[in-house]
Structures are given as structure tokens and as C-alpha cells.
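The residues making up each chain are set out below.
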Amino acid sequence: MNSTDFILAAGEGANPLLPNPWEILVTGVGFAVLLFIVIKVIAPKFEQAYEDRVTAIEGGLEKAEAAQKEAEETLAQYKAQLLEARTEANRIREEARSEGAQILADLKTKATDEATRIAEQAQRQIEAERTSALASLRTDVGSLATELASKIVDEALADDARSQRVVDQFLADLENQQNAGASN
Amino acid sequence: MASSEGGFIPPTVSDAHLPDIFPWFAEYGTGVGKQMIMIVLSIILITWFFTAAIKNPKLVPGKMQYLAESGYAFVRNGIGRDIIGEKNFRPWVPLLFATFFFVLLNNLFGAIPFLQLPSFSHAGSAYAMAIIIYGTWIGVGLKNHGLRYFKLAVVPSGVPGWIMPLMIPLEIISNFIVRPLTHSLRLMATMLAGHIIVMLAASGARYLITVQEGLAYSGLGVGVIIGSVAMYFLELLIMALQAFVFALLTAIYIQGAIDADAH
């Protein structure tokens, strides 16, 4: 745009490039006042608000980080504990298994021993009873036979010495017979 | 079109300057008018909004605080940190913040019914802002580099010596003379142009509908009004964009003064 044309068209006294000095003064002083207020009041408050927010957010982040760290530590601790517990359980199970096997073996031996002991005792008892039965049989058979024989022979054998001999003879025979039978 | 028929007088730049509110001051030439009232109003509104929004800052902001914080963060990070750099931007945030919202709100006044005047369509205000920024970045350069700053600012490095007689005057003109002019006139001209379009559309539509006879002209007037709505939204975009550009250039000038020895 041709500025002279514009100025001419605008007419006398209305050159838009010529300032009113009072407007310069009012704008200059006004802006200085505004700038003063901004420097003293507005800008510090906004900066402060901004700082506060940054601090709060950073503080929050730090707090969150600390919480996360703690959580991770707790998790690691729990995992370690879990591992420990699992190892412990395994160990206990192994122990129990071996202990169980031990107990079983012990019981088996004990049972075998007991069985042997009972069998031996029974054997001994049978032996004793046999011996006592043999002894009682010996006396009973002797007197019975003598009584029977004296009844049969009727006083012929009143002589004690003879009868005693006969009986001993008989019993020795009997014993011989029995021994021969047992050895067979 | 209309003026050929003799009835339509197009609005001029002088129409952008309303009569003094206090006519008894007029003889002193103060020109206290709507524009100055709006400058003061913008300062009150910006101060009120941002102090109220951050009065009781919450960690989880409400709607108003969120809006204010977004605005602050936009200037702080989007303009300050990105342009000036992580190391040096902090002291300049208040200046950029005040500049951006001061220009933005005064531009938007042009889109608010009844106010309907972008303050920076008046050259004085734009010059004032440009002068403040100009003084600021030259001061920054002197503070950081001493008098050597002027050499750093006008003598480009890595340029062969024989071209220096050409480069140095060009750099002086572009950095120290043209820069503040473009900085202020860009803002002033776009705002004034937008304002004139609004005035033209309004007076033209009024002329077509009320003064001219015939349905066709009235229809045309309605068409102008509809078209001016589209212009209105374009203006909104330009208002915000110019405020952003003004603050962005401020940041770029300051960054250039801080890092004058870096290039």
C-alpha cells in the first residue's frame, strides 16, 4: 500500500502514523503498572502453584516407588519363605518315609522274634508235659500192673523181693521197647 | 460504487478517534477518550482475572485456575522457554506474560460489541509498547556484553571482510531502526485495518439498507452484514495472532541480545 495515498485519503490531522503523545504516556505508564503487578504478584503465584504441583506429583511418584519397592521385597521374602517351606516339607516327607520303613522293618523283626519265642515256649511246654506224663505213667503203670499181676497170680508173688524184680524187669523191657520206638 | 451516486461517504481513519470524553480537556490536547479508558480497563481486567484465578491455588485446578494456568504456561513455556532457552528465560516470563495478555486483551476489545475498538489501532499505544521492548533488549545486550554488544549486534561473524562495509550499515538499519518500527507498525496496521473493515461494513450496510431504495440494495446490505460476520472471525484470529507475534518477537529480540555472541 502506498502510505502517502493512504495518509492523504485519511485527510488532514488524521495521519494514523502520528501518535497522540498522551496515548504513549498512558500506555507506557499503564503497561509499567501492569508489569509491576505481574512481577510482584501474578508471576510468583503461578510459579509457586507450578512448583507445588511438581513437588506434589514428584512426592506422589516417590511414594508410589517406595510402595512398589516394599511390595517387591515382601514378594521376594514370601517366595523365599515358600521355597523354604517347600524344602522343609520335602525333607519331612522323606524323613517320614524312611522312618515309616524303619518302623515297618522293626515291627517285622519283632513279630518274627515273638513268633519264634512263642513257638519255642510251646515246644518247651510240650516237652515238659510229655516228661511229666511219662513219669506219672511210669508209677501208675507199675502199680497197676503189680496189682493186676498179684490178683492174677494171687499171693504167689507175695514175696516182695521177687515181685520187685519182676516189675523192674518189665519196666526195663518197656523202656527198651519205647526207646526203640522213639529211635525209629 | 456507492460514492459515484453521491450519497455514500466512506469512513476514514479519523473516525477511529472518537471525540474526547472530557471535552474541557480538549484544549490541552490530551485526547482522553475511549481508547485510553480501554487501556486502563485492560490493565484492571488482566490483574483481576489472574489474581482471582490464582488466589487459592489448588493442586487440581478448577476451571478458572486451569484457564489462567494454561494462559500463563502458554507464555512461559511456549514463548519464553522455547525462544529464550531453558537457562535464561525465567526472569523474562513476567515481561512476556504482561506483553502478550496486554496486547491480546486490547486487540480483543475490537471484537467486543460496544467497545469495538482495538486499542493498538492507535499508533501511540503501539509505539509505547515498541519503545519499552526496544529499550529492554538494548539494555539486556549492554548488561550482558557491555559496549561490545553494539559490535556484536551489527558485525556478522563468518562474513568475508570486503563485504563488511555493506553489511554493517544494513545491520544497523535493520536492527536498530527498522526493528522497533516494524514491531509497532505491524500491530498498529493490522488492528487499524481490521477496525476500518468493521466500520466500512457497518456504514456500508446501513447506507445500502436505509438510504438506498429498492429490495436489491437492501439484500446487498444484508449480504454485507453476513460477510462481515466472516470478517469478524477472521479478525478474531488476526487479533490473537498479532498478540502472539508481538510477544514472540519480544522474546526473539531479548534472546538475540542475551546470546549476541553465540552466532
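Residues numbered from 1 in each chain as written. Chains lettered and ligands numbered in written order. Predicted model: local features only at pLDDT ≥ 70, side-chain atom pairs only at ≥ 80, totals over all residues. Heavy atoms only, no water.

Draft legend 1. Main features of the overall build of chain B. A tally of helices and strands in chain B yields seven helices and zero strands. Each helix and strand of chain B, placed in order from N terminus to C terminus, yields the pattern α-α-α-α-α-α-α. Buried residues in chain B amount to 43% of all 263 residues. When contacts within chain B are restricted to residue pairs at least 6 apart in sequence, long-range pairs at least 24 apart make up 67% of them. Split by element, the accessible area of chain B, about 13,200 Å² in all, is 73% carbon and sulfur. (Helix = DSSP H or I, 4+ residues; strand = E, 2+ residues; numbered from the N terminus. Buried < 20%, exposed > 50% of the residue type's maximum accessible area, 1.4 Å probe, protein only. Contact = heavy atoms within 4.5 Å. Areas by Shrake-Rupley, 256 points an atom, 1.4 Å probe, with all protein chains shown as cover.)

Draft legend 2. Molecular detail of empty space enclosed by the protein. Residue and element names in this part refer to chain B. For the structure on display, the rule yields one cavity of 30 Å³ or more. Empty space within the largest cavity amounts to approximately 40 Å³. Every residue lining the largest cavity is listed: G110, Q116, P118, G194, H195, V198, E235 and M239. Counting residues per element, the ones that place at least two in the lining of the largest cavity are α6 (164–211) and α7 (215–258). Of the residues forming the lining of the largest cavity, the biggest block, three residues, is contributed by α6. Here the residues of the lining of the largest cavity sort into three nonpolar, four polar and one charged. (1 Å grid on protein atoms, 1.4 Å probe; cavity = no way out; pocket = protein on both sides within 12 Å on 5 of 7 lines; lining within 4 Å. Points joined across faces, edges and corners; volume = space filled by probe spheres on them. Nonpolar A, V, L, I, M, F, W, Y, C, P; charged D, E, K, R; others polar.)

Draft legend 3. Quick peek at the side chain of S42 of chain B. Within the fold, S42 of chain B resides in helix α1 (residues 34–53). Not counting chain neighbours up to four residues away, the residues in contact with S42 of chain B comprise F102, L105, N106 and F109 of chain B.

Draft legend 4. Quick peek at the side chain of H145 of chain B. Residue and element names in this part refer to chain B. Here H145 lies in helix α4 (residues 123–145). Residue classification places H145 among the buried positions, given a relative accessible area of 13%. At a separation of 3.2 Å, a polar atom in the side chain of H145 contacts the main-chain carbonyl oxygen of A257. A distance of 2.9 Å separates a polar side-chain atom of H145 from the backbone oxygen of I258. Apart from residues lying up to four places away in sequence, H145 is in contact with L152, A257, I258, D259, A260 and D261. (Polar contact = N/O pair within 3.5 Å; in protein donor to acceptor, adjacent residues only side chain to side chain.)

Draft legend 5. Local environment of the interface of chain B and chain A. Taken together, the 48 residues of chain B in the interface contact 32 residues of chain A. Both sides of the chain B and chain A interface together cover about 3,300 Å² of buried area, and 74% of this is carbon and sulfur. Among the residues of chain B in contact with chain A, I54, L59 and Y72 of chain B are the three that bury the most area, contributing 15% of the side total. Summed over the shared surface of chain B and chain A, the number is three salt bridges. Two residues, R76 of chain B and E47 of chain A, come together in a salt bridge whose shortest N-O distance is 2.8 Å. Run the count over chain B and chain A and you get nine residue pairs in polar contact (both at pLDDT 80 or more). If you list the elements that add at least two residues to the side of chain B that touches chain A, you get α1, α2 (63–84), α3 (93–108), α4 and α6 of chain B. Here the side of chain B that touches chain A gets eight residues from one element, more than from any other, and that element is α1 of chain B. Residue composition of the side of chain B that touches chain A, by class: 29 nonpolar, 14 polar and five charged. (Buried area = accessible area lost by both parts, 1.4 Å probe. Salt bridge = Lys/Arg side-chain N within 4 Å of Asp/Glu carboxyl O.)

Draft legend 6. View of the confidence of the model for chain A. Residues and elements named next belong to chain A. Of all residues in chain A, 87% have pLDDT values of 70 or greater, and the mean over the chain is 83. Mean pLDDT across the secondary structure elements of chain A bottoms out at helix α1 (residues 3–10), with 40, and peaks at helix α2 (residues 21–153), with 90. Contacts of residues 1–13 to residues separated by more than four positions or lying in other chains number twelve contacts, the stretch itself having pLDDT below 50. (pLDDT = per-residue confidence, 0-100.)

Draft legend 7. Inspection of the pattern of salt bridges at higher detail. Tallied over the entire structure, the rule returns nine salt bridges over all chains. We note a salt bridge from R90 of chain B to E47 of chain A, for which the minimum N-O separation is 3.3 Å. Here E47 of chain A lies in helix α2 and R90 of chain B lies in the loop between α2 and α3, a pairing that spans two chains. The salt bridge partner of E175 of chain A is R138 of chain A, with a shortest N-O separation of 2.7 Å.

Draft legend 8. Layout of the packing of aromatic side chains. As enumerated under the stated definition, the model contains 20 aromatic pairs over all chains in all. Put simply, the rings of F46 of chain A together with W48, F49, F50, Y72, F74, F97, F100, F101 and F244 of chain B touch in pairs and so form one group of aromatic residues. A cation over an aromatic ring shows up here: R76 of chain B above the ring of Y50 of chain A, its NZ or CZ 4.7 Å from the ring centre. Over the aromatic face of W137 of chain B sits the side chain of R179 of chain B, whose NZ or CZ is 4.6 Å from the ring centroid. (Phe/Tyr/Trp six-rings, centres within 6.5 Å; stacked < 30°, edge-to-face > 60°. Lys NZ or Arg CZ within 6 Å of the ring centre and 35° of its normal.)

Draft legend 9. Highlighting α4 of chain B. The first and last C-alpha atoms of α4 of chain B sit 32 Å apart over 23 residues, in line with the 33 Å expected at 1.5 Å per residue. Where α4 of chain B terminates, the next one or two residues include G146 of chain B, which has phi positive at roughly 70 degrees. (Expected span 1.5 Å × (residues − 1).)

Draft legend 10. Representation of α1 of chain B within the structure. Relative to the 28 Å expected for 20 residues at 1.5 Å per residue, α1 of chain B spans 28 Å between its end C-alpha atoms, a close match to the ideal helical length. Where α1 of chain B is concerned, the buried positions are Q35, M36, M38, I39, S42, I43, I46, T47, F50 and A53 of chain B. Each buried residue of α1 of chain B sits inside an arc of 165 degrees when the element is viewed along its axis, so together they form one side. The exposed set on the far side of α1 of chain B, more than 90 degrees from its buried face, consists of I44 and W48 of chain B. On its buried side, α1 of chain B packs onto α2 of chain A together with α2, α3 and α4 of chain B. (Arc of directions from axis to C-beta.)

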